[in-house]
Every structure is written in structure tokens, then in C-alpha cells.
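Structure assessment
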There are 2 protein chains.
Amino acid sequence: MTEQALSDLKILEYGHLASAAYCAKLMADLGAEVIKVEHPGTGDDARRNGPFYQDAPHPERSGMFLYYNMNKMGITLNLEVSTGRRIFRDLIKQTDIFIHNMPPLRMEELGLDYETFREINPGLIMTSITPYGLTGPHRDYKANDLVAFHSGGLGYGTPTFVEDPETQPPLKAGGNQAYMAAAVAAAGATMGAVLARSLTGEGQHVDLSQQEALAYLVRPTIGAYFYGNPPRGRTIADRLALGGLFECEDGYCSISAGNDRFWNGLMEAMGNPEWSTEDICQTQESRAQHVDVLRILIQDWIKGWKKHELYDLLQKHHVPAFPVNRTNDVVNTPQLRDRGFFVQVDHPETGSILYPGAPHKFSDPHWQIKRPAPRLGEHNQEVYCGRLGFSNEELALLRETGVI
Amino acid sequence: MTEQALSDLKILEYGHLASAAYCAKLMADLGAEVIKVEHPGTGDDARRNGPFYQDAPHPERSGMFLYYNMNKMGITLNLEVSTGRRIFRDLIKQTDIFIHNMPPLRMEELGLDYETFREINPGLIMTSITPYGLTGPHRDYKANDLVAFHSGGLGYGTPTFVEDPETQPPLKAGGNQAYMAAAVAAAGATMGAVLARSLTGEGQHVDLSQQEALAYLVRPTIGAYFYGNPPRGRTIADRLALGGLFECEDGYCSISAGNDRFWNGLMEAMGNPEWSTEDICQTQESRAQHVDVLRILIQDWIKGWKKHELYDLLQKHHVPAFPVNRTNDVVNTPQLRDRGFFVQVDHPETGSILYPGAPHKFSDPHWQIKRPAPRLGEHNQEVYCGRLGFSNEELALLRETGVI
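Considering the sheet that holds strand E7 (residues 205-209) of chain B
In a beta sheet, neighbouring strands are held together by backbone hydrogen bonds and run either parallel or antiparallel to one another. Taken in spatial order, the seven strands make up an open sheet running E14(A)-E7(B)-E5(B)-E4(B)-E1(B)-E2(B)-E3(B), and their pairing is mixed. A single partner strand is all that each edge strand has here, and the edge strands are strand E14 (360-362) of chain A together with strand E3 (72-76) of chain B. In this sheet, adjacent strand axes meet at a mean angle of 20° when their direction is disregarded. Judged from the five bridges that link them, strand E2 (residues 33-38) of chain B and E3(B) form a sheet pairing that is parallel. Bridge pairing links Ile35(B) to Met73(B) in E3(B). Packed on one face of the sheet, helix H1 (residues 19-28) of chain B meets strand E1 (10-14), E2, E3, strand E4 (97-100) and strand E5 (125-130) of chain B and runs near 145° to E4(B). Of the strands in this sheet, E14 of chain A together with E4, E5 and E7 of chain B touch helix H7 (residues 177-200) of chain B, which is tilted by about 160° from E5(B).

Structure (C-alpha cells):
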């Protein structure tokens, strides 16, 4: 196969950390050409975020940078000086999609805004990923991942099950969930804009709010609120009968055995213990009423099991279950290995290392990793001389004057 | 504007609960025509999931169903009988995209598989959203949202900050995060396949694994693992200096004041207290070493503030901060209200109610809610008579025989 799904799209990216970079990567993985623009000398802040290869901080060995930026070309350009901005506008002319996550106010001050770009390239799609969107009273407020997680209301609902929702503090989920949710939503919206352009011939500005990318994932609580039910956040632990974590010999296993079918499967797996014939075990309602004692009985049986063996057993009895995977469990699960989820990527600074792949398989293999993340300014010559027609002497001058 | 981004796409959806339904909704919102197929009599399991309008269970008043299925037409069809499957294949012939989340084994047993459909419609894109993907040793294992959350490894990292990662149990984030992450990823992948078809003219099968849709969001821990660093899950609370939750008069406020710039902003906001001139406050490293005492001093000041007033103050000083929003806070935030994030949708069973909108604004308004979720079988006549050419008498016969 020569062509990938997005092979005819040229993307320019200007971003720090995760949201814009991951959005552009998702499209690069499907074949789009992505040129990442970084500030000369320092580059993307992700270069200073770990985990670092062999735990040693180094701007070319940051896992965060290397993962989010594979499959891209990289150039340096100083947008704080007018020569840099002029060159940037020349790049915009050759671009289908411009993706960024810079503060909106600063972009406007620098004249790097959609209205300006639209005049020089009416077909341009510009995707702005910002904490709160480009309009509204909070548009210039700051937010990192933790802040966004709570601003979207997801934090208050975490953890799902607690003993006392009023007094136990809310928590944040692991990883950069707000950035990632925004990136995935932005990639979808940007492809929507590409499909729109194929109908109308015109580009447009896609304004993606991180807060909203989280808020649109928080369904049940918001639904209940608008339906006139009292505000809900977390749920008291034992209301959902017999779901949740149980402790195994070597970690935790999560089980859902609320309804009759799953309950019967669990009892079968346990060899139909004598107490399972008691009246209180016969309906979902009465099991919910006596959940404390049933949990103890089940926990007592489970504690002798290894979590992966229990998992296989319960699956055979059609009970939804899964060991709580730690990182090493995820990496070594036979399912992900069999599907080739993790892919080898070679990089001059780290050698060949495994990275997560795509969450999907296309029957035609459009998803592909073709190159590692760029070193800072790696493709300056290719882009500035090859695309914009600068000579080597001009390139040297731009470098000396700090423009690139 | 008459055309929306996805106006020329026809989608058929066959799914229960959230993942397939939300994936199809995301595309319906951008203009695709979606026909949702439900089993006669019972319909989508989401109809039996709350929250219910006025807290009264009713299959046409489930918030979960009404939200995930707005903008769609709905028909009933019994795929357990051969007449039903024959009619389904006729529908497939008129379809660009078929989205489902049914068990792969069952779909194959019924002959509702990609190979069969490809023969009658080579341009078809079929998107299968399953817990573990369509290949591999776990392909027929079951999983609900809770299970998927842990299978992707996200659970072990939650909450992010704990006192003792070895003994405190891992938790699950609120809402249906695994389903939603899979749905958003699937919508993006499906649009990728549409763009691929515009290059190659051919459809294909998109195989989306929920486990992978979670695993590809868990970056730092997996990166560290492959970089040879010890497996990481959660982080010990005080290692990240001065970030996290503080208690206000009326709830919690999350603050990030680790680095010098944010720390100085916080001190300014506090009126530069005398103790802030102490040596231990002068570098990020020494503040991290004395984080316990600094947290007490800051907490002491914060406890007299209302969370939203503190938020406005800290933003003025450029300190990333946000009140921990409860559902009512999210719904009433001036930012979301100003952006019109929540939209009114009228439905015969509930009247007009607010629902979450899109996380993005297109400068051309391609995103639109045009109709509420369908009542069970609401569009049977329109689809079966209008599209497939059945007469009213034939429709009656199909209804009597339980086919629709």
C-alpha cells in the first residue's frame, strides 16, 4: 500500500506538551505530513518532561516528547521576531491544517490568528486547543491537566464509589487525561472539518475547549441534574451490588456480578457453595440488601487466587472481570501482545524502544509509524531550502540571527 | 448553511449502551444520517439505564438513551430471525458506515460480519467496537466500563497522588470513561476510513479495542517502563511540590504552584506574607523539601476563601487553579454558559431539556442537534417503506411476525 488515509494532508503544528502534539500525531499516524515548529534553542516544553531514557534528563531523550512527536518533521522558528512570523506565514500558504495549543491572547498579539491566515490561505483549517475555548469570560485563564480535569467536573466524580461523598475529597485520574481527551476530540473535529472542506471547498477555524472535551464525557451526573434529580457526584460504595474490587493473592481483581446472569456465573465458578442456596441470594434486590456479608464471603474465596488465574476462570463463566493491571501487567498482557499493540520505534538518542500503537486496526493498514520524533531543528534544511526555496547561505544567516 | 461536514454519509448503527451509540452520535451531530437498529419490544439496554426523567424508570425517558441517540432515526429489526437478517443486508447496501458494539462471536454466528457485507457493498466501512478487539486470546471476553478502565491500566494509576502506592487500593474515575474514550477514538478512526475511501474508493473494517483506547491514553507509566525505569503507577503525594487540592470554605480548589513563576504569583495573591522571604521558599527544590509546612501555611490562608472567588483571584496572578466543580458548578459556570455548551433538546416524553453540546466550535456551524432520540421503532415506516419499498401491508405483516 502506498497511500494512507490522510496522505494528501499537510499539517503545521505549533504547541507545547501534549494536546496539540498528540492531536497532530494521531493524524500523522494515518499518513498526514506534519511539520512541528519549535522555538530555537529550547523547543517544546515536553523536551524537559520525563520519563527520560535511563532516567537521565536530556532534551532529546524525553519520553513525553518522543512519543507525542513521532512521525513528524521538526523545524525551529522564532515567532517572537517579525522575520520569523513572515516565514511562518509562508509556511501557512503550503498548509492544509494548522494545529496549536498556545494562549489565544499571545497568538493574536503576534498576528498569528485565523483571520490573518484565512486571507493568505482560504482553504486553511486551523484547530486551536485551549483550556476554556476562544470565547467567554475564562478564555485567557490558565490550566494544566489537573486543573482541566476538575474544571470539566470529572474530578468530583472520582473515585466512583466512596463511603461518604460529602466528606471524602475528590481525586484525579492518572495520566494526562484532560490533555488526551482534548487531543482525541480535536483530531476527530479536525477530520470533520476536512470532510466539510471536501463539500464546500473552504477551510475554517475549529475552536476546541479542554474543559468541554471533559464535560462532554461526564454524562450521568449532568443528565440527572437536568432531569431535575438532585446533583450527583460519586456513588456510595455498596449501592451497586457486588461490583468493584476484590483482593487477590497478588493484587486486585475487578468483578461485576450484580445481575442474575453474572451472579449465577460467579456461583458456578465458586463451585456453588452451600450458602448460595439461601433466600437472600435469590434476587438482585435482596443481594444488594445483604451486600456486606456477601462481599465478605466472596472476598474470602478470592483471596487465595492469583489475579490472572481468577480472571481466566471467571471469563469462562461469563462473569465480567479483570485483574487491576499495573503497568507491567498491561505491557505483558497476551491480548495486547497478540494484537501487536506496542510498536518498536528506533531513535538515534535512545535506540529501538517500544511505544503504544493505535487503538484500532484498519483492514487496510493505514496506521503506520514511519519515523521517530525529530531532534530539535532536524528538518530545517529540508523544509526551509526544499519547500521555501532558501539557499544554504540564507539558512546560515537565519540561524546566526536567531530566527531559526 | 444547508450542508454539514458529514451530510453525505449514511450510517447504520446496531449497539447497546454507550460506545457504538456515542460514536454514531458524534458523527450524526456533524450531519451524517444515522439509522439506529433496535430489537423489537425491548430495544437498546440503555433504555433501562438511568438517570430517568423525574426519577421514574420508563424506556422512553432514560437520560442515557436520550443523550446518546439524539439526531438519529430509529427502527426495530429482529436479527435473530433470518427474515430480519435479510432485511438488514438490504439496509447495508444503502449504507456508507456500519457501527456496532455487539459480541464478535455472535455477529459471526448470525452472518453479520465484514466479509459477508463487503461482498454486497465493497464501499462499506464497518466499525466494530469491542472490549478487546476482534483478534487475540481475549477477543470473546466480556467487559463493562469498570473492567475496561482497569484492563487498560488506567485504574492502577488512579488516584494520581497517594500516601502509599503499595497498600492503597486503586480506584475508577467517574462516568463511563472507557466507553466514551472508545467512542471518541472510534469516531476519529471511522472518519479516517472515510478519508481513505475518498483516495482508494474502497471501504474497510475498523476494529476498535476498548482496552487499547484506554491503554493509548496512559503515557507516562508505559513510557517509563519501556525506558527501563521501574514500573510506576501512582505518585506519592508530596513529590509534586504544592500541587493538588486545598480546602476552601465551600469545597475544594485545585492549585498548581510548583515552579517559581506560579509560586511567586501565589505569594503575590496572598499579599506576600512575611514567611515567604524565608530561605526555604526561594527555590523549587527547597520548597519541595518543606512541602508539608508550606501546605499548612497556604491551607490556613485558603480556608477562609470561597472557591470561585479564590479561583478568580489566582487567575489574575497567573496561577493555574480551578475550583473542584460539582455537577451544579459545571452546569452553571459562566464560561460554559457564555459559549452555549449546553443545548435545549425537545422530546415528546420529557419536554425540552438541556444536554451537553460539542467540545468544539466550528467557525462554520457544522455541529447541530436536529432531532431528539427516536422512540422505539419511530422511523420504521419511513425507512422500511420509504427506503426499502415495503408496502404498509407488508410492514404490518413484519410487525405481526415479530420481525420488526
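Comments concerning the sheet that holds strand E5 (residues 125-130) of chain A
As summarised here, the arrangement of the seven strands in space is E3(A)-E2(A)-E1(A)-E4(A)-E5(A)-E7(A)-E14(B), forming an open sheet in which the pairing is mixed. Two strands close off the open sheet at either side, each with one partner strand: strand E3 (73-76) of chain A together with strand E14 (360-362) of chain B. Neighbouring strand axes in the sheet, compared pairwise and without regard to direction, differ in orientation by 20° on average. Relative to strand E4 (residues 97-100) of chain A, strand E1 (residues 10-14) of chain A is paired through four bridges, and the arrangement is parallel. Counterpart to Glu13(A) in the pairing with E4(A) is Ile99(A). Each of E1, strand E2 (33-38), E4 and E5 of chain A touches helix H1 (residues 19-28) of chain A; the most contacted strand, E4(A), lies at about 145° to it. With respect to the sheet, helix H7 (residues 177-200) of chain A is in contact with E4, E5 and strand E7 (205-209) of chain A together with E14 of chain B, its orientation differing from that of E5(A) by roughly 160°.

Details of empty space enclosed by the protein
Under the defined criterion, the tally for this structure stands at five cavities of 30 Å³ or more. In this model, the second largest cavity occupies a volume close to 170 Å³. Taken together, 20 residues form the lining of the second largest cavity, with Leu26(A), His360(A), Ala185(B), Ala189(B) and Tyr216(B) sitting closest to its centre. Looking at the lining of the second largest cavity, the elements with two or more residues in it are H1 and H7 of chain A together with H7 of chain B. Grouping the amino acids of the lining of the second largest cavity by side-chain chemistry returns 14 nonpolar, four polar and two charged.

Criteria and thresholds
Note that residues are indexed from 1 along each chain, following the sequence as it is written. Written order decides the labels, with chains lettered from A and ligands numbered from 1. It should be noted that, the model being predicted, local features are given only for residues of pLDDT at least 70 and side-chain atom pairs only at 80 or more, the latter also being counted only at that level, while totals for whole chains, interfaces and linings use all residues. Side-chain measures here rest on the full set of heavy atoms in the structure, leaving out hydrogens and waters. Here, any two strands with at least 2 DSSP bridges between them count as paired. Strands here mean DSSP runs of E at least two residues long; helices mean DSSP runs of H or I at least four residues long; both are numbered from the N terminus. Geometry is summarised by axes, namely lines fitted to C-alpha atoms with helices restricted to the contacting stretch, and by angles between N-to-C directions that run from 0 to 180 degrees. Any two residues having at least one pair of non-hydrogen atoms within 4.5 Å are treated as being in contact. Using a grid of 1 Å spacing that covers the protein atoms alone, one calls a set of points a cavity when a 1.4 Å probe fits there but cannot get out, and a pocket when the set is open and has protein on both sides within 12 Å along at least five of seven lines; lining residues are those with an atom within 4 Å of a point. Grid points are joined across faces, edges and corners, and a volume is the space filled by probe spheres set on the points. Side-chain classes are defined by residue name, with Ala, Val, Leu, Ile, Met, Phe, Trp, Tyr, Cys and Pro counting as nonpolar, Asp, Glu, Lys and Arg as charged, and the others, Gly among them, as polar.

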